[in-house]
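Next come the chains, spelled out residue by residue.
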Amino acid sequence: DTAVSQTPKYLVTQMGNDKSIKCEQNLGHDTMYWYKQDSKKFLKIMFSYNNKELIINETVPNRFSPKSPDKAHLNLHINSLELGDSAVYFCASSQDPTGGYSNQPQHFGDGTRLSIL
Amino acid sequence: SQQGEEDPQALSIQEGENATMNCSYKTSINNLQWYRQNSGRGLVHLILIRSNEREKHSGRLRVTLDTSKKSSSLLITASRAADTASYFCATVRNQAGTALIFGKGTTLSVSS
């Protein structure tokens, strides 16, 4: 009965590779997010989607491309991985209105720990 | 730029004691939220306080918000070992299309 699930939990790969992280939520929420947490635990918003449409893109390199096939899924594809991409990536969802601001609790997955060798 | 700053960065207390964490932010907000993160897990929403509210309670949690000082505090009363975690405040700017902006977090250790 996991609300927000991400796969894989761990991802170890080499520089230059392309990888994807999948996220699914079964809460019926309209808005989904990707956050990046660095080694100092600092969390930063990367993307936000509402009903499959991109709402927020916070100055993320275009090597990162989110894709939302439906409102329950938001996947993250990363091209040409770099050492600095090593981090924990969290998917989240909330029931927030289109064009509004986040005034509902966000539900987070358990994260994908990405390590670049 | 980062919105919230928590203080202290780390806090160690004994079971039964109260734990207070503070958060400061820079711009006007619509609401402020507190989250807990256990080691190796995702964030769990604890409480949301809107900009027109001054205090909110939820079980052993008490949150205050002072918009004039751009600060908030989270008080956990009668701490338990299970409260050991990192705690983050997150603000939402009063501007459409924005998401949570997190502070650096406070790491709380509660020993039995």
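Computed from a prediction, not measured in an experiment: that's the story for all the values here.

Caption draft 1: Molecular detail of the state of the cysteines. All names here are of chain A. Per the stated rule, a full pass over the model turns up 2 disulfides over all chains. Note that Cys23 is cross-linked by a disulfide to Cys91, the S-S spacing being 1.9 Å. Since a negative S-S torsion denotes a left-handed disulfide, the Cys23-Cys91 link at about -75° is left-handed. Placement of Cys23 in strand β3 (residues 19-25) and of Cys91 in strand β9 (residues 87-94) is noted, with a sequence separation of 68 residues between them. We classify Cys91 as buried; its relative accessible area is 0%.

Caption draft 2: Summary view of the sheet that holds strand β7 (residues 64-70) of chain A. Residue and element names in this part refer to chain A. Spatially, β1-β3-β8-β7 is the arrangement adopted by the 4 strands of the open sheet, whose pairing is antiparallel. A strand with exactly one partner marks an edge of an open sheet, and here the two such strands are β1 (4-7) and β7. Across the sheet, the axes of successive neighbouring strands diverge by a mean angle of 20°, strand direction being ignored. Inspection of the sheet shows β1 paired to β3 by 4 bridges, in the antiparallel sense. Bridge pairing links Ser5 to Glu24 in β3.

Caption draft 3: Structural context of the environment of Ala85(B). Residue and element names in this part refer to chain B. Here Ala85 lies in strand β9 (residues 85-93). Accessibility expressed as a relative area gives 7% for Ala85, which makes it buried. Put simply, Ala85 and Glu17 are 68 residues apart on the chain and 15 Å apart in space, counted from C-alpha to C-alpha. For Ala85, the contacting residues outside a window of four places in its chain are Arg36, Gln37, Asn38, Thr106, Thr107 and Leu108.

Caption draft 4: Quick peek at the side chain of His29(A). All names here are of chain A. Structurally, the position occupied by His29 is in the loop between β3 and β4 (31-37). On the basis of relative accessible area, His29 is assigned to the buried category, the value being 9%. A distance of 3.3 Å separates a polar atom in the side chain of His29 from the backbone nitrogen of Ser94. Look past the residues within four positions of His29 in its chain and what remains in contact with it is Lys71, Ser93, Ser94, Gln95 and His107.

Caption draft 5: Summary view of the environment of Asp30(A). Residues and elements named next belong to chain A. With respect to the secondary-structure elements, Asp30 resides in the loop between β3 and β4. In sequence terms Asp30 and Ser93 are 63 residues apart; their C-alpha atoms lie 7.6 Å from each other. With near-sequence residues (within four places) excluded, Asp30 lies in contact with Tyr49, Asn50, Asn51, Lys71, Ser94, Gln95 and Asp96. Looking at Asp30, its side chain comes within polar contact range of the side chain of Lys71, at 2.7 Å.

Cut-offs used in this document
- All chains use their own residue numbering, which begins from 1 and follows the written sequence.
- The lettering of chains begins at A and the numbering of ligands begins at 1, in the order of writing.
- Local features are withheld for residues below a pLDDT of 70 in this predicted model, meaning they are given only at 70 or higher, and side-chain atom pairs are given and counted only at 80 or more; totals for whole chains, interfaces and linings count all residues.
- Side-chain calculation: all heavy atoms of the structure are included, whereas hydrogens and water are not.
- By disulfide we mean two sulfur atoms from cysteines, separated by a distance within 2.5 Å.
- Labels follow the DSSP assignment, with helices taken as runs of H or I lasting at least four residues and strands as runs of E lasting at least two, numbered in each case from the N terminus.
- Note on exposure labels: buried denotes an accessible area under 20% of the residue type's maximum, exposed denotes more than 50%, and partly exposed covers the range between, all computed with a 1.4 Å probe on protein chains only.
- By definition, two strands form a pair when at least two bridges between them are found by DSSP.
- Angles here are taken between N-to-C directions and fall from 0 to 180 degrees, while the axes themselves are lines fitted to C-alpha atoms, restricted in helices to the stretch in contact.
- Contact between two residues is taken to exist if any of their heavy atoms lie within 4.5 Å; hydrogens are not considered.
- Pairs of N or O atoms are called polar contacts if they sit within 3.5 Å, as long as, within protein, a hydrogen donor faces a hydrogen acceptor (for residues adjacent in sequence, only side-chain-to-side-chain pairs).

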